[in-house]
2 protein chains.
Amino acid sequence: MHELEIKVPASRPGSYKVAVGSGFLANLWPQIKSAFGHRRPFVIADANVVAAGHLDTLLGGRPVPHFVIDPPGEVSKNITTAVAIVEAMEKAYLGRDTVVVALGGGTVGDVAGFAAAIFKRGVPIVQIPTTTLAQADSAIGGKTGVDSSVSKNAFGAFWHPAAVYVDVATVRTLDERQYRSGLTESVKHALIADAEYFEFLEQKMDVILDRQGEVLQTLAQHNCAIKGRVVEADPDERNQRRMLNYGHTIGHAVESASNYRLLHGEAVAIGIVAAGRIEIEMGLSEPGRLERVTTLLSRLGVPVTLPPDLDAEKLIDLIRHDKKAIDRWPRFVLLGQLGRVHCPDGQYALEVDRRIVEKVTQSMVDDR
Amino acid sequence: MHELEIKVPASRPGSYKVAVGSGFLANLWPQIKSAFGHRRPFVIADANVVAAGHLDTLLGGRPVPHFVIDPPGEVSKNITTAVAIVEAMEKAYLGRDTVVVALGGGTVGDVAGFAAAIFKRGVPIVQIPTTTLAQADSAIGGKTGVDSSVSKNAFGAFWHPAAVYVDVATVRTLDERQYRSGLTESVKHALIADAEYFEFLEQKMDVILDRQGEVLQTLAQHNCAIKGRVVEADPDERNQRRMLNYGHTIGHAVESASNYRLLHGEAVAIGIVAAGRIEIEMGLSEPGRLERVTTLLSRLGVPVTLPPDLDAEKLIDLIRHDKKAIDRWPRFVLLGQLGRVHCPDGQYALEVDRRIVEKVTQSMVDDR
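Residues numbered from 1 in each chain as written. Chains lettered and ligands numbered in written order. Predicted model: local features only at pLDDT ≥ 70, side-chain atom pairs only at ≥ 80, totals over all residues.

## Re the domain arrangement of chain A
Residues and elements named next belong to chain A. Per the domain assignment, the segments making up chain A are domain 1 (17-173) and domain 2 (176-366). Centre-to-centre, using C-alpha coordinates, domain 1 lies 26 Å away from domain 2. Taken together, the 20 residues of domain 1 in the interface contact 24 residues of domain 2. Where the side of domain 1 that touches domain 2 is concerned, the elements lending two or more residues are β2 (14-21) and α6 (132-138). The element that contributes the greatest number of residues to the side of domain 1 that touches domain 2 is α6, accounting for 5 residues. (Domains from an automatic or database assignment. Contact = placed C-beta atoms within 7 Å. Helix = DSSP H or I, 4+ residues; strand = E, 2+ residues; numbered from the N terminus.)

## Thoughts on the interface of chain B and chain A
With 57 residues of chain B at the contact, the number on the chain A side is 57 residues. Counting only elements with at least two residues in the side of chain B that touches chain A, the list comes to β1 (2-8), β2 (14-21), α4 (79-91), β8 (155-158) and α9 (213-233) of chain B. No other element matches β2 of chain B, which puts 8 residues into the side of chain B that touches chain A. Counted by class, the side of chain B that touches chain A contains 27 nonpolar, 16 polar and 14 charged residues. Pairing geometry for β2 of chain A and β1 of chain B, over 7 bridges, is antiparallel. Pairing of G14 of chain A across the sheet is with V8 of chain B, part of β1 of chain B. (Nonpolar A, V, L, I, M, F, W, Y, C, P; charged D, E, K, R; others polar. Pairing = 2+ DSSP bridges.)

## A few points about the sheet that holds β1 of chain B
What holds strands together in a sheet is hydrogen bonding between their backbones, with the strands either parallel or antiparallel. Strand order across the open sheet formed by 7 strands is β4(A)-β3(A)-β5(A)-β6(A)-β9(A)-β2(A)-β1(B), with mixed pairing between neighbours. Edge positions in the open sheet fall to β4 (66-69) of chain A together with β1 of chain B, since each of these has one partner strand only. When strand polarity is set aside, the average angle formed by the axes of neighbouring strands in this sheet is 15 degrees. In this fold helix α4 (residues 79-91) of chain A packs onto β3 (40-46), β4 and β5 (98-104) of chain A, with an angle of close to 160 degrees to the strand it touches most, β4 of chain A. (Axes fitted to C-alpha atoms, helices over the stretch in contact; angles between N-to-C directions.)

## A few points about unusual backbone geometry
All names here are of chain A. Following D70, the chain continues to P71 via a peptide bond in cis, the omega torsion being 5 degrees. Within the element layout of this structure, P71 appears in the loop between β4 and α4. We note that R211 has phi near 60 degrees; this positive angle belongs to a residue other than glycine. In this fold, R211 is placed in the loop between α8 (195-209) and α9 (213-233).

## Side note on the relation of the copies chain B and chain A
A rotation about an axis combined with a shift along that same axis relates the two copies of the chain. With an axial shift of 0.0 Å and an RMSD of 0.0 Å, the rotation relating chain B to chain A amounts to 180 degrees. Taken together, the rotation angle and the small translation identify this as a two-fold axis. Scanning chain B for the C-alpha nearest the rotation axis identifies S11 of chain B, at a separation of 2.6 Å. Looking at the interface residues of chain B, 100% of them are also at the interface in chain A, so both copies use one shared face. (Least-squares fit on C-alpha atoms with pLDDT ≥ 70 in both.)

## A look at the packing of helix α10 (residues 248-257) of chain B against helix α11 (residues 264-281) of chain B
Residues and elements named next belong to chain B. Put simply, α10 and α11 touch, their axes get as near as 7 Å, and they point 135 degrees apart. Considering their axes alone, α10 and α11 lie oblique with respect to each other. The interaxial crossing formed by α10 with α11 has right-handed handedness. Facing H248, T249, I250, G251, V254 and E255 of α10, the residues of α11 in contact are H264, A267, V268, I270, G271, A274 and A275. Residues belonging to the contact of α10 with α11 are distributed by class as follows: 7 nonpolar, 5 polar and 1 charged. (Parallel < 35°, antiparallel > 145°, perpendicular 65-115°, else oblique. Left-handed = near helix turned anticlockwise from the far one by under 90°.)

## Some points on the pairing of β3 of chain A
All names here are of chain A. The element β3 is extensively covered by neighbouring structure, given that 6 of its 7 residues are classed as buried. Pairing geometry for β3 and β5, over 5 bridges, is parallel. In the sheet register, P41 faces β5, and the bridge partner there is V99. Note: β3 against β4, 4 bridges, orientation parallel. Across the sheet, the residue bridging to D46 is I69, located in β4. (Buried ≥ 20, exposed ≤ 12 C-beta atoms within 10 Å, placed from the backbone.)

## A look at the environment of A47 of chain A
Residue and element names in this part refer to chain A. The residue A47 is located in helix α2 (residues 47-51) in this model. The spacing of A47 and P65 is 18 residues in sequence and 16 Å in space, taken between C-alpha atoms. Every residue in contact with A47, bar those within four places of it in the chain, is listed here: V68, D70, P71 and P72.

## Regarding the sheet that holds strand β4 (residues 66-69) of chain B
Judged by pairing direction, the sheet is mixed, and its 7 strands sit side by side in the order β1(A)-β2(B)-β9(B)-β6(B)-β5(B)-β3(B)-β4(B) without closing on themselves. Two strands close off the open sheet at either side, each with one partner strand: β1 (2-8) of chain A together with β4 of chain B. Pairs of neighbouring strands in the sheet enclose a mean axial angle of 15 degrees, with direction left out of account. Here 5 bridges tie β2 of chain B to strand β9 (residues 163-167) of chain B, and the two strands are oriented parallel to one another. From the neighbouring strand, K17 of chain B faces β9 of chain B, where its bridge partner is A163 of chain B. The strands touched by helix α5 (residues 106-118) of chain B are β3 (40-46), β4, β5 (98-104) and β6 (125-129) of chain B; relative to β5 of chain B, the strand with the most contacts, the crossing angle is about 165 degrees.

## Considering helix α7 (residues 176-193) of chain A
Under the 1.5 Å per step criterion, the end-to-end length of α7 of chain A is 27 Å for 18 residues, consistent within 8% with the ideal 26 Å. The element α7 of chain A is largely enclosed, with a buried count of 15 among its 18 residues. (Expected span 1.5 Å × (residues − 1).)

## So, the packing of helix α13 (residues 312-320) of chain B against helix α14 (residues 354-366) of chain B
All names here are of chain B. Where α13 contacts α14, the axes come no closer than 11 Å and their chain directions differ by 155 degrees. Viewed along their axes, α13 and α14 adopt a mutual orientation that is roughly antiparallel. For the pair α13 and α14, the sense of crossing is right-handed. Packed against α13, whose contacting residues are A312, L315, I316 and I319, the element α14 presents V357, T361 and V365 at the interface.

Here you go:
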């Protein structure tokens, strides 16, 4: 047998800009045109964003081809929507010189990012997140994914944005529950990376809930800086990036066991409390830490206990079969102290004795 | 406005092995298991490959989950098939520790490669090409693509294989027309990169058409070496890799104008002749070169003139609106001499005066 080795050269290193401000959406289009002027834009939004007036504010009457995801939300985060978007781009006679602009929350960013990744072998994507969840988390880092008819995030790609524009004024139109739920990811960022930021959240929670522009900008800057540092260090999620899954192992199971009646951030809040209990069981928690976390989450107005009607058996079964686990017990990200992840031997996602996980899950079920 | 820059580090450079031999398919599975033993395999083939017995030869009765594309061929190279494959992987409880094994021709390799690229944000793909086309061309280089209901290759990704195994004995089961058509890409490789290889093809064409193992191995080694060098130098097709599109500008238009009744290699053969005529018009051709090329293609048994029933108006319209063109006249790869591409100012794909293109297209139509 004759053998030949074909080299795959390293990609060129790149970078992208994250701009944070308040109330600049109406003046953003010329900036995008000047940054991507040689490309033809295609805007993806959803019915919520249209109803809130953000699409009109961005386009200002310019005749730009676009796609509106309807119904909005998780229910449309699937391969069927991604395929419909690609076909809409083709019908608009767009080619490889397209730049996709995603205006909206997590679903819009995920579906649009995936569509951009697979259209004609990939075109650039500009993210303009308009929710607390997307501004804190999903718009940055290049993870895209959509569901199949069988399971969540069956399809996906790593596809880094070409630019991210965070206009914090856009979150003012969010309904209260969505607004608060998305802030859970800010609490998560503080917990895994920045104790001072946690104190800031404690001090400013009332102003944050009042949606005041200045504090929202500070919030967005902290979130983007923390997430940016983590994804720079480990863009493909081989290890360090996993710390962003803090609260998500049990959080995802809770979200699923609730049949998605709980919002993502609400389920993650419960997952953060569960992680805190595991930390106590493992002797990783300083006294009073979990109380402090629970107090902040309660002020935020997200649940810190399981809903009474949650299917406990389904929850336990889901934790046993966590999709990231693959033939083994699911892994957990745990804090060593407030603002720092516990990472023995440099591992950010740890195996936890299944008796501890079962004890904590049972205690969460009992405390409903 | 506050700005932050997020770095996207360069990917690690990699490499993959291309193994060329004859008759090793029955002994290949243990090799794949030892190379990817920590991963769970999922095999993708098509009905032709199953009928030819290759799937049984590869698996040797081992119970490996697999998907058979049916009907085989271009008609199944679409997003619907790719989605069905991903859902079959999910139903087989496969996760991120999957290795996809593609056994078949260009359609199998393209669809399987795309499915591997988007399943759970990407899993490795092993290519085992079984046609003259796939062994010469599509199995190497990481271009994947599938059609939408609107157009060809609307969806795609660059996704390099983790390994390529070329067993030249597998092409013995191809029908004569498929076998010959796929060899056009070998002629193309010789034309763009290796005049001695062209002479080899001239000398050995009878033995090649007789499908003798030794000459087929020499052929595969040349093809893999030429294609490997080109894709190493320009994996993302920014410039140099475009030389692999020699004969494809008009070839694609001919393929489409024939409503895909012409096979890819047959259409490319006509495209190579058309490119040769353009080279003569532009003073790029030494005397007798096009005759030599036409003679070799004729011995190969692929068409060198347009079919009499081809829709000439559709052809001319398609050339005008070449999908790679995007708001401009399509670009052509042209030879400066046999075995070398003409690349003034380092450009491998050139604009050609539209009067020359129209004159040559008309001459091809008149000569039917």
